[in-house]
Every structure is written in structure tokens, then in C-alpha cells.
Amino acid sequence: MASDLEFSFPLPQGLHARPASRIQDLAAGFAAEVRWDNLRTGGSADAKSVLALIGSDTLFEDPCRIRVTGPNAEAAAAALRKLILEDLPRDEAAVEEAPPPSGPGVPWFLARGRSAYFLGQPAGAGVVRGPAHVHQPGTESERPARTIAASEIEREIEAYRAAVRASAEAMGQRRDAEPDATAKAVLNAHLAILKDRAFAAEAERLIAVDHWDAPSAATAAGRTFRERLGAGRSRYLRERMADIADVTAVLVGRLDAHAPASDSIRLSGPAVLVADDLAPSQFLGIDRDRLLGLVLENAGSTSHTLIMARARGVPAVAGCPGLARLIRTGEEVVVDGNRGLVVPSPDTAAMRYFDREAAAEADSSARRRELAKLPGRTIDGHRVEIAANIGHPEELASAWGLGAEGVGLFRTEMLLLGRTEAPGEDEQYEIYARAARESGGRPIIVRTFDIGGDKPLPYLPLPVEKNPFLGLRGVRVYERFADLIGAQLRALLRAAVHGPLKIMVPMIGTLDELVRFRAMVREAADRLAAASIPHRAAIEVGMMVEVPSAALFIDRFSDEADFFSVGSNDLLQYVFAADRGNPDVRNLGRPLDPAFLRLLETIVRAAKARGRWVGLCGEMAGSPRHLPLLVGLGFDELSLTAGRIPDLKAGLVRLDFEACRRLTEAALRAAKPEEVEAALDEFGRTDAPASLTEPGLIRLESDARSKDEAVQELGSLMESAGRVDRRAELEEALRRREDTSSTSIGFGVAIPHGKTPYVHSPCMAVLRFAAPFLWEADDEQPVDLAVMLAIPSGRGAEEHLKLLARLSRRLMHEEFRDALRSAPDRDAIVRLIGEAVEG
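So, here's what we can say about the structure. If you're wondering where the values come from, they're calculated on a predicted model, not measured in any experiment. (Residues numbered from 1 in each chain as written. Predicted model: local features only at pLDDT ≥ 70, side-chain atom pairs only at ≥ 80, totals over all residues. Heavy atoms only, no water.)

**Quick look at the nonpolar core**
In terms of nonpolar packing, the biggest core is built from 98 residues, with Y432, M543, L600, I603, F635 and L638 touching the most fellow members. Excluding residues that lie within four positions of it along the chain, I603 makes contacts with V545, A551, I554, V566, L571 and V614. Of all hydrophobic cores here, the second largest spans 55 residues; its members include A32, L83, I153 and V252. (Core = buried A, V, L, I, M, F, W, Y, C linked by side-chain atoms within 4.5 Å. Buried < 20%, exposed > 50% of the residue type's maximum accessible area, 1.4 Å probe, protein only. Contact = heavy atoms within 4.5 Å.)

As C-alpha cells, this is what we get:
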């Protein structure tokens, strides 16, 4: 006897672990066989296996059929109908989870589609696509498979079953004690996976047929079912890979708690590395030619690993907890480090979109190379040196190419990583001398070893501290490692004869510390002089300002320091008592907090009063958004990741120093960071080119094939022309407007428009499409011409409407449309637009 049930699957998140476990439980209560057919995919599953049900890749509104055969088939079918069509929609709505994040960081076609994507924190600019290499130290993927003798098979299967029983008992107890309904449902799903007959059958087959031991068999079975889920398109179902990984880990842990782990990372070819986190030494050990991109689940954006990744131009995303368990090694992955996006297994549309993003990046790079040639000065001639942060002289050529006017921070502790012992004096001398020789006369500030804290070294024993950031680090360990520091100082003094090197000491908190350090420098010079070794004793010695006690005592430090450089990363975390690597306190320690700005003003004012030069070398220096404030505060130098120098120079040359000073005075009077943000927004609106359009905002042969691609291209044109600071925000504004109603006006013309604070001035951009396409409008007419209007937020609605009305009126005239379509060049279109809005 058979009974069929056909329906459209009702759950928006698809058939995932929780509902699958309930269907399995119900089906298992009947003697009849129950098959689940997904009529969209053609897949079929045993409904008494939760993993088989999940693997059916059943999505919202998929046409499905359940076929029940055997005893009580009609009763089973009726019960399943009620469960699927009545109980599950109601119960799942009651435990609805928070939706995945979306917003300006997510391209529209992804946010509204079914493709899987993950949104983290932008950690390294650039877009890249390539195969993933998932690094999971200490997990089952690192455990080598082990085989057993035929005589051990029966014993191993019983060990596997005993582990399942024990794990299920413990998990059941935890579920019963769990008060939260959602957590209880998840544990129920995990129990179902643990006891799943398909999983057990696969594991026991591997033991009986392939002669694997029980841990190896459980590991392989888990991997098999995760890969099946990973082949699906649903983001939500992909997240169920983590459920299987969790259950597998419980089972393997009960069978064998001694699986080996490895910290080494070897890429077999070009790849995107996905990991929980990486130590700086691990990052340095990776073949840089093979590292396409980086995704770190739990690293803060100012970790030293990510600072180095940015210096090398590696697109990176951070802050995606659990992601490594949702991506398979070898799987194609897109990393958009500008938006903080990770897209596994991109479909054709996604690949085309992100490939166009990469092309736009290439165009932007070409523009930036031109910007790099600009001098570091404002439009009214105020000088601000723009320098690079480096970790090795190998980075100098790139830094000079990007327009660096010096090195504001040479992190010498990077030379200590990935070694079994510290480099000696002669080896260091060669490195520093190379930097001096390749400086071309530009100043190079060398920071002495900043060790301890988050940079421990195995060959430099330091006590384990509960809070290493407040313990032994920087200058505080120098007397303990006097031989190492002495060798470094001698090497620096010797190398300084080849070029303009300066010495800078980290983590100074008291005047005594600086006095003792200067004594170490003199002692090093004396030893060289006694040995008649060439050196430069009259070298400038400065200090990092990263401890609040130093920031408040600059006038007295000026007696010993020749210059100062603010380390804004550490100073921020010490001022606000907020760990910079802890995402839970990310909202604290904001660089635009007026309290922090006042401290910076105190430092600069005190240093200037004593005739001392002062720079800033933290992450804050690399933000064009912060630039007007840092100029207004009076810093002599800004030192940053080399890749950001062209953008900063382009911003600097547009600034007026006196206007920056007025902005800074207003910011210092603010009470909250939001008030400083508002002052910056207002300042940006006064820093605007006057022309409404220009040839750089016109494209005569656009290859866009959709509204999404057109919006993307308009954003790229605006970025290339220097008309917008955050292209993604402009694109978001345009798409938001399109969502209210299509901007297609008929006649094959669309007028996308939007407001954002990141547009410098009102402007228009034009695309003529090589192949017309539908603009997602009710009229279903192909569009071959788009004229975009972008307005800065805060401008009156009247200005926006006036421009839009004039443009719309002219576009209603066939003669004007034909003139735009037949214009021989971009200059002609600029003239037509100008006449249209002025008429």
C-alpha cells in the first residue's frame, strides 16, 4: 500500500537540521518506508535519516513529494502532512533566528538572493577570487587516518556504537537541562545527527570495508556529509555544516582525545587562506606568492598579522566566527576586503560582478600611481610629510613607488619572527645599512625591538602574565635582554653612516625609562668608538607616545627626546582600557572621540612648544576621513601602510590648512564622536569641485548587463573621478532608491539617483549601454541610456528636486535623447548635460 503527498515546501530557511530532525522522528515512528523527493533538484532521500533530508537541498517553495509505502501508509502520510504544512511553519516562526546581516557592505543582488555569503569586517583592501585553503589546527581534518586488522573490525564497530550511545546520553541530559527553546531545538537536531542511521552506516562501512579505526571512520563520515551540504546553494543549509562538524568533534573526542595538530601552513598553490587567527610568525612563513587573500575568523582589524597583510596588499576579511567550518578546502571563494564579504562557490552572476570589481580596483590602482607623485602638502602649501610603515627593507621599493616621503615606522621586531635565535649585530647591520642606502636621502625612523605583549618569542623567555599588554613589553624588557638591545643599537649606529636613520624607542611611560635608554645608546657608541668601528654617534633619538603617562608629560620628555611619534593603536586602547583585538569592545576607543582628540592636541601643542617634531604612525593615520583633523592638529608627519599613501596624498592636496584648523577647534569642543562625525560631514561638503559632470564621468560603451552592474559601474566612475569617498555607500543609496520604485522613465532611459554624505558635490554620470537590458521596471522596456544624479546628504531637497526636474524635462524630448545617444565623444555629452540643467 502506498500514499503520496505533494506540496510546496513552506519554511523560508529551507529544510535544515531542526525541521529535518522532527520529520525523521515522526517517520521513524512508523513501520512504513518514507521517501522524500525534491522535484526541483530530482534528488531523493530516506526520510528516516536527518542527514539525508538535509542533503536533499530543499529550499523555500521547492516542489516536493513524500511517498509512503508499507503498513499504515495513509496514517503516516496524514501525520507528515500536518507536521510539514501546519506544525513546522508555526513552530519555526516561534524560534526564528536573527537574519544574516546586510546593508552597505553587501551588493544588492547578494542580499536579496539565495547565494551564500558571509559578512565580516573589511581588513585589507582589494577583491580576489580563488580556491580556499582552510586551516583548522587540532581538528579532525588534521588527524591522519589509521587502519586496523580484520580481526579488530567487530571490536571497533562496538567501540563506535558505544561512543555514540555515551555521547547521545550526555547530549540528551544537556538538552533536558536547557531552558531556552531554541537551544533545545538545536541540541535535538544534534542528537538526531549523532544517531542518524545514514551517518552510522557510512562510519561502520568504513570500519568494516576499508578497515579504518573508529575515530578515522567518524571523521570521514562527518566530512562526507559536510561536503554534501557544502554543494548546496542555501546559506542557511551551509551553516548546518557546522552542526555536523560539532557532532563529529564530540564523537571523535570521545573515541580519541589525542588527535595531533600542526601549526605550519603550506599552500600547495595560489589560495585564499581561511583560519581562526594567525600569529605574525605564521603569516610570515606563508609563501606570499601563493597567498591570494586572507579570511581570519576572530582577528581584530588592528592585529599585527592584518597590518602586515595590508602592507602586502592582501585582500582580507576578519570577524567571521565559525566560517572555517563552512568552507571546504579547494572550494572557489571570493574575498571582498573592501566590503568585508566572503562568497563561497560564487555563481556566474557573482563571478562576473566581483571580476568587474577587481577590474575597477585595477583602474583605481592606476589612478593611485599618479596620485602618488603628488607632494605631501595642502593646497595652501602647508607641509605634512606622508611616510610608510614597514617591517623589512624589502618593502622600501614598493613604498617609494607609492609615494612615501620617508619611513615613519620600521618595525624591527619583525626581524625576530620565524627564527630559532635572534639575529646578531652584523646581520642586523646589513639589514639597517640596506635601508639607509636605499633611502635616497629620505628619513627612516627605526623603532627598536617592541617585544613582549602580543609578540612573544620562544628564544626570549618572558614570564607568563595574566595581562601581557600591561606587563613586560617594549623598553620594559631592555635591561633583561641588554645583550640583544646593545647589539641592535650598535648595528643601527654603524648603519647610520650610510643614510639618515633615526632611533625610536617603544612603550616609554616614565622619564627614567627614557634616560636609561639614552644611556644604552651612549654606551653602544662608546664601545664602537673604543673598537674604532665607523658609526654615527650624533643620531637622533625619539620615542613612541603610546602610554597615557607619556602623552601627559611631553614637555619634560622633550629634554631627552629629539622627536615624538604617536602610536595611536596602543594609545587608544590604553586611554579607553579597551583591548583593540577584542570585538566585544570594538565600539570603545573610537579615534574620533573628543577625549582622544584632546589628548592628541595636548601632545602636539607640548611638543611644538619645545621645538620638537611630532608624527603619528598608527592606523588612524591611514584614514582619509581623519586627515583634515590630523592636519588641523598640526602633525608634522603621518606614517601609514604604504598602499594607502596615494589616497591620502590626493586628499591632502585638496585641503586648506586654516580650514582644517577651524574644523579641529570645533571637534575639540564636541562632546561625542557623533558630533565630530557631523563636523567632518559638513567640512566635506565645503571641499567640493564645482562642475556637475566631466568626461571622466561618461562611458560611451558600457558592457553592463543588469541594473546591479550599471550601479556598480556608476560607482566606479565616481570613485575614479575622485567624486566619492565610499563607493559602496553611493551604490547602496542608488539601489535603495531603486527599491522604492524603478527610475526607468521609458524611452530606453533610466535616471538612477540618490543621496549620500560621501559624495563631495552634486554630480552626474552617464552610461551608454552597448547592449540594452531590462531595468527591472513595469514597462519591461530595454534601457540603453542611464543618467545618474548624486547629491551630498544635507543639501536641501529643493536643490535635488530642481536638478532632477530639469534633467527629466529634457530627457522627455526625443531630440535631446537622440543627441545623447549620438554624441561623438564624452566632451559633447558634458556640454549637453550642462545645457540641460542650466536651461
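We are not done yet, so read on.
**Let's talk about empty space enclosed by the protein**
Considering all chains together, one arrives at 2 cavities of 30 Å³ or more under this definition. In this structure, the second largest cavity occupies an estimated 110 Å³ of space. The wall of the second largest cavity is formed by 14 residues, among which P107, W108, Y353, E731 and R735 lie closest to the centre. Elements with a minimum of two residues in the lining of the second largest cavity: α4 (108–111), α25 (707–720) and α26 (727–740). Sort the elements by how many residues they give to the lining of the second largest cavity and α26 lands first, with 4 residues. Its residues placed into classes, the lining of the second largest cavity shows 8 nonpolar, 1 polar and 5 charged. (1 Å grid on protein atoms, 1.4 Å probe; cavity = no way out; pocket = protein on both sides within 12 Å on 5 of 7 lines; lining within 4 Å. Points joined across faces, edges and corners; volume = space filled by probe spheres on them. Helix = DSSP H or I, 4+ residues; strand = E, 2+ residues; numbered from the N terminus. Nonpolar A, V, L, I, M, F, W, Y, C, P; charged D, E, K, R; others polar.)

**Section: helix α7 (residues 197–208)**
Spanning 12 residues, α7 covers 16 Å between terminal C-alpha atoms, matching the ideal 16 Å at 1.5 Å per step. Taken together, the buried positions of α7 are occupied by F199, E202, A203, E204, L206 and I207. Capping the start of α7 is the job of one residue whose side-chain oxygen sits 2.9 Å from the backbone nitrogen of A198: D196. (Expected span 1.5 Å × (residues − 1). Polar contact = N/O pair within 3.5 Å; in protein donor to acceptor, adjacent residues only side chain to side chain.)

**Observations concerning helix α15 (residues 482–495)**
For an α-helix, 3.6 residues make a turn, and residues three or four places apart therefore share a direction. Under the 1.5 Å per step criterion, the end-to-end length of α15 is 20 Å for 14 residues, consistent within 8% with the ideal 20 Å. Along α15, 12 of the 14 residues are buried, which leaves the element largely enclosed by surrounding structure. Taken together, the buried positions of α15 are L484, I485, G486, A487, Q488, L489, R490, A491, L492, L493, R494 and A495. Its buried side turned inward, α15 meets α14 (425–437), β15 (444–447), β16 (501–505) and α16 (511–530).

**A short note on the pattern of salt bridges**
Within this structure, the stated rule accounts for 49 salt bridges. Note that D450 is salt-bridged to R473, the shortest N-O span being 3.4 Å. Of this pair, D450 sits in the loop between β15 and α15 while R473 sits in the loop between β15 and α15, placing them 23 residues apart in sequence. By relative accessible area, which is 2% here, D450 ends up buried. Through salt bridges with shared partners, a single ionic network connects D336, R339, E357, E719, R727 and E731. (Salt bridge = Lys/Arg side-chain N within 4 Å of Asp/Glu carboxyl O.)

**Focus: the side chain of H626**
Tracing the chain through its elements places H626 in the loop between β19 (613–616) and α21 (627–633). Not counting residues up to four positions away in its chain, the partners in contact with H626 are P591, L592 and M620.

**Thoughts on the sheet that holds strand β10 (residues 316–318)**
The sheet built from 8 strands is open, its strands ordered β5-β12-β11-β7-β8-β9-β10-β6 with mixed pairing. Both outer strands of the open sheet, β5 (118–119) and β6 (121–124), are each paired with one neighbouring strand and no more. With 3 bridges joining them, strand β9 (residues 291–296) and β10 adopt parallel strand pairing. The residue of β10 that forms the bridge with V295 is V317. Across the sheet, helix α12 (residues 348–371) touches β7 (127–135), β11 (332–336) and β12 (341–344), and the angle it forms with β7 is around 115°. (Pairing = 2+ DSSP bridges. Axes fitted to C-alpha atoms, helices over the stretch in contact; angles between N-to-C directions.)

**Concerning the pairing of strand β1 (residues 2–8)**
What you see with β1 is a clean split: S3, L5 and F7 sit on the buried side and A2, D4, E6 and S8 on the side with no burial. As paired strands, β1 and strand β4 (residues 63–69) are joined by 7 bridges and run antiparallel to one another. Its bridge partner lying in β4, S3 is registered against V68.

**Brief notes about the packing of α25 against α26**
The interhelical angle for the contact between α25 and α26, taken along N-to-C directions, is 140°, at an axis separation of 9 Å. In terms of axis orientation, α25 runs oblique to α26. As for the relative orientation of α25 and α26, their crossing is right-handed in sense. Contact residues: α25 offers K707, D708, V711, Q712, G715, S716, M718 and E719, while α26 offers R727, L730, E731, L734, R735 and E738. Among the residues making up the contact of α25 with α26, the classes are represented as 4 nonpolar, 3 polar and 7 charged. (Parallel < 35°, antiparallel > 145°, perpendicular 65-115°, else oblique. Left-handed = near helix turned anticlockwise from the far one by under 90°.)

**Some points on the packing of aromatic side chains**
Scanning the entire structure with this criterion turns up 10 aromatic pairs. Arranged with centres 6.0 Å apart and planes meeting at 70°, the rings of F9 and W36 form a pair that is edge-to-face. Of this pair, F9 sits in the loop between β1 and α1 (17–28) while W36 sits in strand β2 (residues 33–38), and the two are 27 residues apart along the sequence. When its relative accessible area of 0% is taken as the criterion, W36 is described as buried. With centroids separated by 5.8 Å and ring planes inclined at 20°, the aromatic side chains of F199 and F225 adopt a geometry described as stacked. One end of the pair, F199, is in helix α7; the other, F225, is in helix α8 (residues 214–230), with 26 residues separating them in the sequence. For the pair formed by F199 and F225, the shared burial category is buried. Each member of the aromatic cluster is reached from another via a ring pair, and the members are F7, F9 and W36. (Phe/Tyr/Trp six-rings, centres within 6.5 Å; stacked < 30°, edge-to-face > 60°.)

**Re the sheet that holds β4**
Here we have 4 strands laid out as an open sheet, ordered β1-β4-β2-β3, and antiparallel in their pairing. Strands with a single pairing partner mark the edges of an open sheet, and in this sheet they are β1 and β3 (43–46). Direction aside, neighbouring strands of the sheet carry axes that sit 20° apart on average. Examined bridge by bridge, β2 and β4 share 6 bridges and lie antiparallel to one another.

**As for unusual backbone geometry**
If you check the backbone angles, A577 has positive phi at about 50° while not being a glycine. Position of A577 relative to the elements: it lies in the loop between α19 (568–576) and α20 (594–609). According to the relative accessible area criterion, A577 is exposed, its value standing at 71%. With a phi close to 60°, F747 is a non-glycine residue in the positive phi region. For F747, the location among the structural elements is in the loop between β22 (744–746) and β23 (749–750). Taking the relative accessible area as the measure of exposure, F747 reaches 39% and is therefore partly exposed.

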